[in-house]
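The residues making up each chain are set out below.
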Amino acid sequence: MSLADLTFARWSALDAATATRHADEAARRAGGRLLGLDTRPHPGGDRHRAVIERAGERYALVPGGEVTVGFDVDAWQPLPEQLASYREESLAGGFGFDTDLRAHLAQVMTPPRTVTLPTVLMAVEPRKLPEVPALIPALLAAQGLRMPHPDEWEHACGAGARTLFRWGDGYPAGTPPYGPGAGPHQLPNAFGLHLAYDVYDSAEMTSDPGSVYGGDGGEAVCGGYGSLLEWLPLATANHNPATAEFLGGPEGEDMFEDFLVRPVIELG
């Protein structure tokens with residue numbers, strides 16, 4: 001099986017030795033070296049994590065193929081504490097949110113869909129934007145890199161999990177979605193990526209100017225929108241449209257250093 005045939009479904013079914021051989025091939029093709037491979041439990045089933053070093057930067061192997069991304073708002077069963085937060089904090093605060101929680105989520109979450117993606121390497125850690133957003137694609141292209149497509153970002157984040165967050169449907173009580181501390185958001189995800197870990201500091205651009213993932217710049221926290229909406233920017237399928245609009249507007253040009261981009265290497 002070549003890398004072109006290394007789909008997400010096949011990668012998930014491989015034994016560790018075979019997965020390591022394919023990860024070695026991916027590393028060689030990218031001009032790097034395999035640092036290691038391990039297998040971890042995940043809401044969607046056990047996942048292999050292969051980390052590759054190239055030019056001093058670590059990348060994770062993200063297998064593609066036909067995958068499902070997005071979030072099924074209609075099938076979602078909110079936890080009682082999430083409903084209480086929305087009713088008693090978000091709606092009671094008079095912020096003008098839709099009275100129906102599902103309707104609110106439908107405005108910020110992408111719908112479920114099946115897409116076909118390439119197998120790629122994605123940087124384990126995102127980079128700070130070194131320039132205004134419009135210049136980023138050309139800067140990355142000069143290094144043989146590119147930005148992730150929104151579908152790629154969601155797949156890389158969720159790794160097949162259909163839950164609200166990449167680790168499950170809930171979030172740790174009493175823990176804020178920012179700053180240092182323990183919590184599932186602080187851990188590498190199923191592919192070994194460090195992403196969606198701090199609503200203030202982990203907002204990432206994608207190739208779609210209207211989609212920013214992994215954070216909202218702290219809008220919900222600063223606005224006092226309530227615990228559910230404070231955590232929601234870290235949800236896998238939340239493309240944070242208001243944040244994307246801000247980044248693409250005149251204010252965003254002055255604050256681009258507060259946003260991130262995750263380089264992608266195509267394996268050909």
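Since the structure is predicted, the reported quantities are computational estimates derived from the model, not experimental observations.

In this description, a pair of aromatic rings is defined by centroid distance and the angle of the planes. Tallied over the entire structure, the rule returns 13 aromatic pairs. Measuring from centroid to centroid gives 4.9 Å for Phe 165 and Trp 167, while their planes differ by 5°, and the two rings are stacked. For Phe 165, a relative accessible area of 0% translates into the label buried. Ring pairs connect the aromatic residues Phe 165, Trp 167, Tyr 171 and Trp 231, which therefore count as one cluster.

Reading across the sheet, the 5 strands line up as β1-β2-β3-β6-β11 and stay open at both edges, with antiparallel pairing between neighbours. Because the sheet does not close on itself, it has two edges, and the strands there are β1 (33–40) and β11 (264–266). Taken pair by pair, the neighbouring strands of this sheet meet at an average axis angle of 30°, ignoring direction. With 4 bridges connecting them, strand β3 (residues 57–62) and strand β6 (residues 120–123) associate as antiparallel partners. Bridge assignment links Tyr 59 to a residue of β6, and that residue is Ala 123.

As for its placement among the helices and strands, Arg 21 is situated in helix α2 (residues 16–29). On a C-alpha basis, the gap between Arg 21 and Leu 34 in space is 9.7 Å, while along the polypeptide they are 13 residues apart.

Turning our eyes to something else, we now look at the nonpolar core. One finds Phe 71, Leu 105, Met 109, Leu 164, Leu 193 and Leu 232 to be the most contacted residues of the largest nonpolar core, which totals 44 residues. Among the elements of the structure, β3, β4 (65–69), α4 (101–108), β5 (113–117), β6, α6 (150–158), α7 (219–223) and α8 (227–231) are those that each provide at least two residues to this core. Those residues in contact with Leu 164 that sit more than four places away from it in its chain are Phe 71, Trp 76, Gln 82, Leu 105, Met 109, Asp 169, Leu 232, Ala 235 and Thr 236. Counting 31 residues, the second largest nonpolar core, distinct from the first, contains Ala 26, Ile 136, Met 147 and Ala 244.

All right, on to unusual backbone geometry then. Phi is positive for Ala 196, which is not a glycine, with a value near 50°. Along the polypeptide, Ala 196 turns up in the loop between α6 and β8 (204–205). Note on Ala 196: relative accessible area 0%, which makes it buried. A positive phi angle is found at Asn 240, which is not glycine, with a value near 45°. Take Asn 240: it is sitting in the loop between α8 and α9 (241–248).

Further remarks concern the pattern of salt bridges. For the structure shown, the criterion picks out 12 salt bridges. Between Glu 88 and Arg 87 there is a salt bridge whose closest N-O contact spans 3.4 Å. Between Arg 146 and Glu 266 there is a salt bridge whose closest N-O contact spans 2.6 Å. Of the two residues, Arg 146 is situated in the loop between α5 (136–141) and α6 and Glu 266 in strand β11; the sequence distance between them amounts to 120 residues. The exposure class assigned to Glu 266 is exposed, which follows from its relative accessible area of 54%. Salt bridges sharing common partners tie together Asp 38, Arg 40 and Arg 49.

Turning next to the side chain of Glu 57. Looking at the element boundaries, Glu 57 is found in strand β3. In this structure the side chain of Glu 57 is engaged in a polar contact, spanning 2.8 Å, whose partner is the side chain of Tyr 59. Beyond its immediate chain neighbours, meaning those up to four positions away, Glu 57 contacts Ile 52, Ala 123, Glu 125, Arg 127 and Pro 263.

About the criteria used
Residues numbered from 1 in each chain as written. Predicted model: local features only at pLDDT ≥ 70, side-chain atom pairs only at ≥ 80, totals over all residues. Heavy atoms only, no water. Phe/Tyr/Trp six-rings, centres within 6.5 Å; stacked < 30°, edge-to-face > 60°. Buried < 20%, exposed > 50% of the residue type's maximum accessible area, 1.4 Å probe, protein only. Pairing = 2+ DSSP bridges. Helix = DSSP H or I, 4+ residues; strand = E, 2+ residues; numbered from the N terminus. Axes fitted to C-alpha atoms, helices over the stretch in contact; angles between N-to-C directions. Core = buried A, V, L, I, M, F, W, Y, C linked by side-chain atoms within 4.5 Å. Contact = heavy atoms within 4.5 Å. Salt bridge = Lys/Arg side-chain N within 4 Å of Asp/Glu carboxyl O. Polar contact = N/O pair within 3.5 Å; in protein donor to acceptor, adjacent residues only side chain to side chain.

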